[in-house]
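Summary of the model geometry
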Amino acid sequence: MNALDILLWVVVPYVSLAIFVVGHYWRYKYDKFGWTTRSSQLYESRLLRWGSPLFHFGILFVLLGHVAGLGIPKSWTNAVGLSEEGYHAMAVVTGAIAGFCTLVGLAILIYRRRTVGPVFSATTRNDKFMYVVLTATILFGLSNTVLGALGQEGVDYRDTVSPWFRSIFYLQPRPELMAEAGVGFRLHALSALLLFAIWPFTRLVHVFSAPLGYLTRPYIVYRSRDAQLGTRPVPRGWERVGGGRR
Amino acid sequence: MRVMAQMGMVMNLDKCIGCHTCSVTCKQAWTNRSGVEYVWFNNVETRPGQGYPRTYEDQEKWRGGWQVGRNGRLQLRTGSRLKRLLQIFSSPVQPSINDYYEPWTYDYETLTNAPVQEHTPVARPRSLLTNKPMNIEWSANWDDNLGGAPELTQDDPVLKKISAEIKDKFEQTYMFYLPRICEHCINPSCAASCPSGAIYKREEDGIVLVDQDRCRGWRQCVTGCPYKKIYFNHRTGKAEKCTFCFPRVEVGIPTVCSETCVGRLRYIGIVLYDADKVLEAASTPDDRDLYAAQRSILLDPHDPEVIRAAEQAGISRDWIESAQRSPIYALINRFEVALPLHPEYRTMPMVWYIPPLSPVVDALTDTGHDGEDVGNIFGAIESLRIPVEYLAELFTAGDTNLVTGVLKKLGAMRSYMRDLNLGRPADESIATAIGMTGRDIEDMHRLLGVAKYDERYVIPLAHAEQGPGQEEFDSGCSLDYDEGPGMGGWGPFGETSGGSTPIAVENFHMLAARQTADTMAAPGSKDQRVNLLNWDGKGAPEGLFPSRPEDSEALHGPDGGGVGDDSPAVRDPRP
Ligand code: HEM
Ligand code: SF4
Ligand code: SF4
């Protein structure tokens, strides 16, 4: 283990996660207006119709897979009697299917971004950079899965990457584990860390407003008029009757 | 009884001349920004016609509004909440920009920059979405005045519902205008389909608004609204809609569209309704009973019982008095001449219409009859069933009796008042024939014909005794708001980030930017587009007029010849 390892697997992760958390807080506080999917369906829906659901359902499954693979220690799955081979077969099959859907969806989305005139004009530099990092992360990740399925992979990631990932959250980082992991995994982890660092500043923030509350709230929302009339704050001394104490 | 107040509007279609003043002034006030180039919060459609966006009334296709499910319960037409969430990644039915129209500007610059040539240079249209040259093939008003009929009118969803033989006659005989804004529904399906809960109905006056800070751009409301009066701002990624000009209404001034309406055909007022009965009324099984159901939830503001309940609900005295003087309530429930637009969408719309009688009278006069004789009019309404069927599809879910009843009232009013105007004795039998009294008819005539500003607009003030700082009584500084100054620009993440800029401020900056921009059709920054429609005639946008050629000195010589150098005509050729 050398300084580089410490930099890559201790410093970078903490910096990236800190940016992720503080960045979201900061953006939510100061840029609620910019917090949107910036849907482009108004311009085009034929390609979106396929690309977006493929990508989204794929990536949500991939996300679940990561929670399972990174979050659940090997000892637990062993304890419930799931064999090594069984676990891997399951992970590789579902991972490959979900990853493949994601990739195809992503390809359609990117093709659409590039070729449909109005969508292209509405693509910002921020979007392009986000797409590069996102695509890289997904490609590295999927190649790991595929190589793993072909048996090319050296060390089991559940002995290296996963404990390292968890160690970050225990605040007892174990960079030496990552030093052992394969190049593919290291690249995947690094690009993911970069993705987390830019996440709060891109359109990806929409993930955190996934509208689950919709399932339970009443259909029609009533709200009282803002205490403030018009678009200006009330000048001092002109507060509404009873409004000043609220 | 849970009393709530609701702001509403009634439009008298007989008086609409289709001048689009309302649309243009509304656009100037609210949607004169990039991202909403294609958006008309107020639009005026020629009927029969496809409307804007095209064929929006075909709910089999666009699936807006509510329907009664098999279990008898009210449900959004797009299905259950879970189903809609699963389809959120790509909405199955959302109008695309082509269903509205692709917004464009013209290459005005070529008019002034073109070299000397044989033919007059032409300003070519350019898309405001891609900046590329484009062909103009559709617009918000392509079939204005039956333009393109009969080919285009064939696709009118309302016309499709009435029989073929009637259709043909209709196209030869009639047309009328239908100005539309958001209906500020009592049971808004836009709000019900918003996953974030960003669309809300204001408790005080029922105005339906989109919270720009809570909207996350899921664009479900666009599908949800059957009137297609929610628009997606493709630049900011947020939904926008007609605001009933709330900054004006709050201080007692009518909306911009009403204020500027040339025909003075719009009425604004409040009604009181029973919020506990809304769901039941909206779930009425038969479409044709919805008109009556909606009227039944409106409360009589003179009823002491209602007044007491309203006061308990915190509605202030001046609001109750406004409800009593409300022209809306009078037209809907006292005279019963106003009808809701498409009650079958079950959103309980609150912009109502007095159906047009004039086509009938005109057709009658054309055949050499006295178009204002009550017997003739009644006969004509019965026999000329053509517009009645069409109007019924628009206003009463197909119940022609209701429309005939209203048209008879309007016809009877003309006959009755004609006698009075000609100094003849009033013919009370005309009034009884339509179930009214002479007094009612005179009141109705006054409201429809001679009512002045303060009778057409009875708008109670919002209760915030604020004095200065209100939007329209402008005495404060326009930079005084949350994130100001430094507004007009975007936040740190480029376009569309940062706090939302008040529209008045954004418009001000856009206008200033346009007037100083040196490019016309396709400037680098989208907020500098020059659009002659938006030019208010003040100041001369750079490039609108050719600058004085450098060599004019040579022409006149350094000491001037002909016109003096100081003459403003030479120094500045601009107006
Ligand atoms: C959790 C639930 C999520 C919901 C409800 C959701 C919803 C949406 C919606 C409505 C759009 C706009 C599509 C359009 O009309 O143009 C969108 C776009 C997008 N979403 Fe999501 N999303 C979710 C999660 C994610 C995740 C986890 C990612 C990736 C890490 C992601 C990445 C994207 C990207 C890249 C786009 C842009 C697509 C394009 O137009 O090129 N989303 N999302
Ligand atoms: S007409 Fe207005 S209030 Fe009614 S559903 Fe549409 S946007 Fe909502
Ligand atoms: S301004 Fe009045 S008369 Fe003119 S189109 Fe609008 S509603 Fe009709």
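These numbers were taken from a predicted model, which means no experiment stands behind them.

1. Points about the packing of aromatic side chains
Residues and elements named next belong to chain B. Counted under the stated rule, the structure contains 25 aromatic pairs over all chains. Between Tyr106 and Tyr108, the ring centres sit 5.9 Å apart and the planes meet at 55 degrees, which makes this aromatic pair tilted. Relative accessible area serves as the criterion here: at 14%, Tyr108 is assigned to the buried category. Ring geometry for Tyr291 and Trp352: centres 6.1 Å apart, planes at 45 degrees, overall tilted. With Tyr291 in helix H13 (residues 290–297) and Trp352 in strand E15 (residues 351–354), this pair connects stretches of sequence that are 61 residues apart. The class of Trp352 is buried, set by a relative accessible area of 0%.

2. Some words on the coordination of the iron atom of ligand 1
Residue and element names in this part refer to chain A. In this structure, His56 (NE2) and His206 (NE2) serve as the protein donors to the iron atom of ligand 1, at separations of 1.9 to 2.1 Å. Taken together, the six donor atoms coordinating the iron atom of ligand 1 and their angles of 86 to 179 degrees define a geometry best described as octahedral. Placement of His56 in helix H2 (residues 46–71) and of His206 in the loop between helix H9 (183–198) and strand E1 (221–223) is noted, with a sequence separation of 150 residues between them. Side by side, His56 and His206 carry an identical accessibility label, which is buried.

3. Some thoughts on helix H7 (residues 161–170) of chain A
Residues and elements named next belong to chain A. Of all ten residues that make up H7, seven are buried, and the element is covered over most of its length. Of the positions making up H7, those classed as buried are Val161, Ser162, Pro163, Trp164, Arg166, Ser167 and Ile168. In the core, the buried residues of H7 are packed alongside helix H1 (3–30), H2, helix H8 (175–180) and H9. Residue Leu171 follows H7 closely and has a positive phi angle near 65 degrees.

4. Looking at the sheet that holds E1(A)
With mixed pairing, three strands are arranged side by side in an open sheet as E1(A)-E8(B)-E9(B). The strands lining the two open edges of the sheet, one partner per strand, are E1 of chain A together with strand E9 (208–210) of chain B. The mean inter-strand angle of the sheet, taken between neighbouring strand axes irrespective of direction, is 45 degrees. In terms of strand pairing, strand E8 (residues 199–202) of chain B meets E9(B) through three bridges, oriented antiparallel. Bridge pairing links Lys201(B) to Val208(B) in E9(B).

Rules of the game
Residues numbered from 1 in each chain as written. Chains lettered and ligands numbered in written order. Predicted model: local features only at pLDDT ≥ 70, side-chain atom pairs only at ≥ 80, totals over all residues. Heavy atoms only, no water. Phe/Tyr/Trp six-rings, centres within 6.5 Å; stacked < 30°, edge-to-face > 60°. Buried < 20%, exposed > 50% of the residue type's maximum accessible area, 1.4 Å probe, protein only. Helix = DSSP H or I, 4+ residues; strand = E, 2+ residues; numbered from the N terminus. Donors = N, O, S within 2.8 Å, 3.2 Å for Na, K, Ca; no water. Tetrahedral: all angles 85-135°; square planar, octahedral: opposite > 155°, others 65-115°. Contact = heavy atoms within 4.5 Å. Pairing = 2+ DSSP bridges. Axes fitted to C-alpha atoms, helices over the stretch in contact; angles between N-to-C directions.

The analysis is restricted to geometry; functional conclusions fall outside its scope.
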